[in-house]
Amino acid sequence: MNEMASPLVSLDTLSVHYPLGRRLLGGNAVLKAIDEVSLDIPKGSFFGLVGESGSGKTTLGRAILKAAPISGGHVRFADGEVEYDLAHLPKAQLRDYRKRAQLIFQDPYAALSPRMTVRDIIAEPLEVMGLTANRDETDARVREIAAKCRLNLEHLRRFPHAFSGGQRQRISIARALVCGPKFVVADESVAALDVSIQADILNLLKSLQRDLDLTFLFISHDLSVVAHVCDYVAVMYLGTLVEIAPTRELFEQPRHPYTKALLSAIPSLDPDDTGQAQRLEGEVPSPVDPPSGCRFHTRCPVARPDCSQRVPHLEDAGDGARVACHYWKENLG
Ligand SMILES: Nc1ncnc2c1ncn2[C@@H]1O[C@H](COP(=O)(O)OP(=O)(O)OP(=O)(O)O)[C@@H](O)[C@H]1O
Ligand SMILES: [Mg+2]
């Protein structure tokens, strides 16, 4: 992939804060699911997003799909002539944007209506958005995308319960792609599948990416999968990004202590594993009242006294990597 590819999606100090209402003392407490995150997702990339549960991965993906409230900052989507500023998107443009950015659901069992045929499930977004002139045109489009998703066309008349998890996920993928999006959020899209089927679906996503010129935001807690399929990886901690790097760079030379701790939890990736993997201690602090300074300082094995006072921002760390840690250089090696 061309390293200079321009961004398809750019986040600029994006925040998603959920008000907690009067349930908490003070009344105006907010949960900072995403807090001032800036990020460029290069066009044509398979961009990984990792981090512990509750770090804000799904919320970030939903914000880009205009499905989570943007409390501050900007999300820009730019594809050739087309440009959207999602923080200020008129209703009339939202409909148009939905054609261009789509979600593949996590759970292929819950996502598909049991009462609709596979054909109708895949056709629904086309019909809702009025993108085809008549039934023949809809059918042609459904057959085309179903074939690309390697679904047996004979199966279009059946109901989803007749299928295995992997086939259902292909149906979900076809439905997400039928309107011809350029950007796709895949949120734990293979997590619910057997390992043998995961590989199939990942290969399918990669070939669709090339075929249809797609850009993926691939959200996963499975770092070995991310290492295998992603071009770039961004690491989230408590609503912020702590490191962004080309995949190989991130796995070979992690710079942030949090990234190092995440990676050391996958022994298979480390040939020199001495069995003394550095485990993350303690609970993730609350996003309602995150730690001062560096949010990771309360769990960081190499924190220094001023880490609780100064907020680190993402800085250039060489080889395409960016890291938010005051002492990443001191901890290299
Ligand atoms: N609609 C909402 N209202 C209030 N808080 C929310 C809402 N959606 C998410 N949150 C909170 O925002 C934070 C981030 O949640 P999110 O689902 O984005 O995390 P995640 O990284 O996707 O976690 P997981 O790996 O478990 O899927 C969590 O503290 C969550 O409880
Ligand atoms: Mg999630």
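The coordinates are above.
Residue numbers here run from 1 along each chain, matching the order of that chain's written sequence. Note on labels: chains are lettered from A, ligands numbered from 1, in written order. Local features in a predicted model are, by the rule used here, given only for residues with pLDDT of at least 70; side-chain atom pairs are given and counted only at 80 or more, and totals for whole chains, interfaces and linings are based on all residues. The basis for the side-chain values is all heavy atoms of the structure; hydrogens and waters are excluded.

A. Quick look at empty space enclosed by the protein. Cavities and pockets were defined on a 1 Å grid built over protein atoms only: a cavity is a set of grid points that admits a 1.4 Å probe from which the probe cannot escape, a pocket is an open set flanked by protein on both sides within 12 Å along at least five of seven lines, and lining residues are those with an atom within 4 Å of any such point. Grid points are joined across faces, edges and corners, and a volume is the space filled by probe spheres set on the points. Counted by the stated rule, this structure contains one cavity of 30 Å³ or more. For the largest cavity, the calculated volume is near 80 Å³. Around the largest cavity sit 13 residues that line it, and Cys294, Cys300, Cys307, Cys325 and His326 are the ones nearest its centre. Three classes are used, and their members are as follows: Ala, Val, Leu, Ile, Met, Phe, Trp, Tyr, Cys and Pro are nonpolar, Asp, Glu, Lys and Arg are charged, and the others, Gly among them, are polar. Residue composition of the lining of the largest cavity, grouped by class: ten nonpolar, three polar and no charged.

B. Expanded view of the side chain of Arg295. Strands here are runs of E lasting at least two residues and helices are runs of H or I lasting at least four, both read from the DSSP assignment and numbered beginning at the N terminus. Positionally, Arg295 belongs in the loop between helix H9 (257-264) and strand S11 (315-316). Within 3.5 Å is the distance limit for a polar contact, defined as a pair of N or O atoms, with the added protein rule that one can donate a hydrogen and the other accept it, and that residues adjacent in sequence qualify only through two side-chain atoms. Here Leu238 takes part through its backbone oxygen, which lies 2.9 Å from a polar atom of the side chain of Arg295. Beyond its immediate stretch of four places on either side in the chain, Arg295 contacts Lys32, Asp35, Tyr237, Leu238, Thr240 and Pro290. Residue contacts follow a heavy-atom distance rule, with two residues in contact if any of their heavy atoms lie within 4.5 Å.

C. Spatial organisation of helix H6 (residues 195-212). For H6, spanning 18 residues, the distance from its first C-alpha to its last is 26 Å, which sits close to the expected 26 Å at 1.5 Å a residue. Exposed residues in this analysis have more than 50% of their type's maximum accessible area, buried residues have under 20%, and partly exposed residues fall in between, with area computed by a 1.4 Å probe over protein chains only. All buried positions along H6 are accounted for by Gln198, Ile201, Leu202, Leu204, Leu205, Lys206, Ser207, Leu208, Gln209 and Leu212. Against strand S3 (46-50), strand S6 (101-104), helix H4 (135-148), helix H5 (165-177), strand S8 (215-219) and helix H7 (223-229) lie the buried residues of H6. One or two steps after H6, the chain reaches Asp213, where phi turns positive at roughly 60 degrees. One less than the number of residues in a helix, times 1.5 Å, gives the span that helix is expected to have.

D. A look at the sheet that holds S3. Note: two strands are recorded as paired if DSSP finds a minimum of 2 bridges between them. The strand order across the open sheet formed by eight strands is S6-S7-S8-S3-S9-S10-S12-S11, and the pairing between neighbours is mixed. The sheet is open, and its two edges are formed by S6 and S11, each paired on a single side. Angles run from 0 to 180 degrees between N-to-C directions of axes, and those axes are lines fitted to C-alpha atoms, restricted for helices to the stretch in contact. Sheet contacts for H5: S6 and strand S7 (183-187); angle to S6, the most-contacted strand, approximately 170 degrees. Packed on one face of the sheet, H9 meets S3, strand S9 (232-237) and strand S10 (240-246) and runs near 105 degrees to S9.

E. How the structure looks around the nonpolar core. By convention a nonpolar core is built from buried Ala, Val, Leu, Ile, Met, Phe, Trp, Tyr and Cys residues, the set being connected through side-chain atoms within 4.5 Å. If you look at the biggest cluster of nonpolar residues, it comprises 64 residues, and the most contacted ones within it are Ile122, Ile173 and Phe218. Take this core: its biggest share by element is six residues, from H6. Structurally, this core is a two-domain feature, drawing no fewer than three residues from each of domain 1 (7-237) and domain 2 (254-333). Judged by nonpolar contacts, the second largest core, of 32 residues, contains Ala63, Ala68, Tyr84 and Leu86. Marked domain ranges trace back to an automatic or database domain assignment.

F. Region of interest: the packing of helix H3 (residues 118-128) against H5. Between H3 and H5, the least distance of the axes is 7 Å, while the angle of their chain directions is 30 degrees. One finds that H3 runs roughly parallel with respect to H5. Here H3 and H5 pass one another in a crossing that is right-handed. Listed contacts from H5 to Val118, Ile121, Ile122, Glu124 and Pro125 of H3 are Ile171, Ala174 and Arg175. Grouping the constituent residues of the contact of H3 with H5 by class yields six nonpolar, no polar and two charged. Should an angle fall under 35 degrees it is called roughly parallel, over 145 degrees roughly antiparallel, and 65 to 115 degrees roughly perpendicular, with every other angle called oblique. If you view the pair so one helix is near and one far, a crossing is left-handed when the near helix is turned anticlockwise from the far one by less than a right angle, and right-handed when it is turned clockwise.

G. Representation of the site of ligand 1 in the model. Ligand 1 sits among Tyr18, Leu31, Ala33, Glu52, Ser53, Gly54, Ser55, Gly56, Lys57, Thr58, Thr59 and Pro287. Here an oxygen atom of ligand 1 sits 2.8 Å away from a polar atom, N or O, in the main chain of Gly54. Ser55 places a main-chain nitrogen or oxygen 3.3 Å from an oxygen atom of ligand 1. Those elements that provide at least two residues to the shell around ligand 1 are strand S2 (30-42) and helix H1 (57-64). Per-element accounting of the shell around ligand 1 gives the leading share, three residues, to H1. Tallied by class, residues from the shell around ligand 1 come to four nonpolar, six polar and two charged. Each residue is tested against the molecule or strand, and it is near if at least one of its non-hydrogen atoms lies within 4 Å.

H. Looking closely at H4. Taking 1.5 Å as the rise per residue, H4 with 14 residues should run 20 Å; its terminal C-alpha atoms sit 20 Å apart, in good agreement. For H4, the complete set of buried residues consists of Thr138, Val142, Ile145 and Ala146. For H4, the angular spread of the buried residues around the axis is 105 degrees, confining them to a single face. Just beyond H4, the residue with positive phi is Arg150, at close to 55 degrees. As used here, the arc belongs to the directions running from the helix axis to the C-beta atoms.

I. Molecular detail of unusual backbone geometry. Phi angles above zero are rare outside glycine, and Thr13 is one such case at about 40 degrees. Phi at Asp319 takes a positive value of approximately 55 degrees, unusual for a residue other than glycine. Within the secondary structure, Asp319 sits in the loop between S11 and strand S12 (322-323).

J. Fine view of the pairing of S3. Burial of S3 is extensive: five of the five residues sit out of reach of the surface. Across four bridges, S3 lies against S8 in parallel orientation. Pairing of Leu49 across the sheet is with Ile219, part of S8. Taken together, the four bridges between S3 and S9 define a ladder with parallel strand orientation. If you follow Gly48 over to S9, its bridge partner there is Val233.

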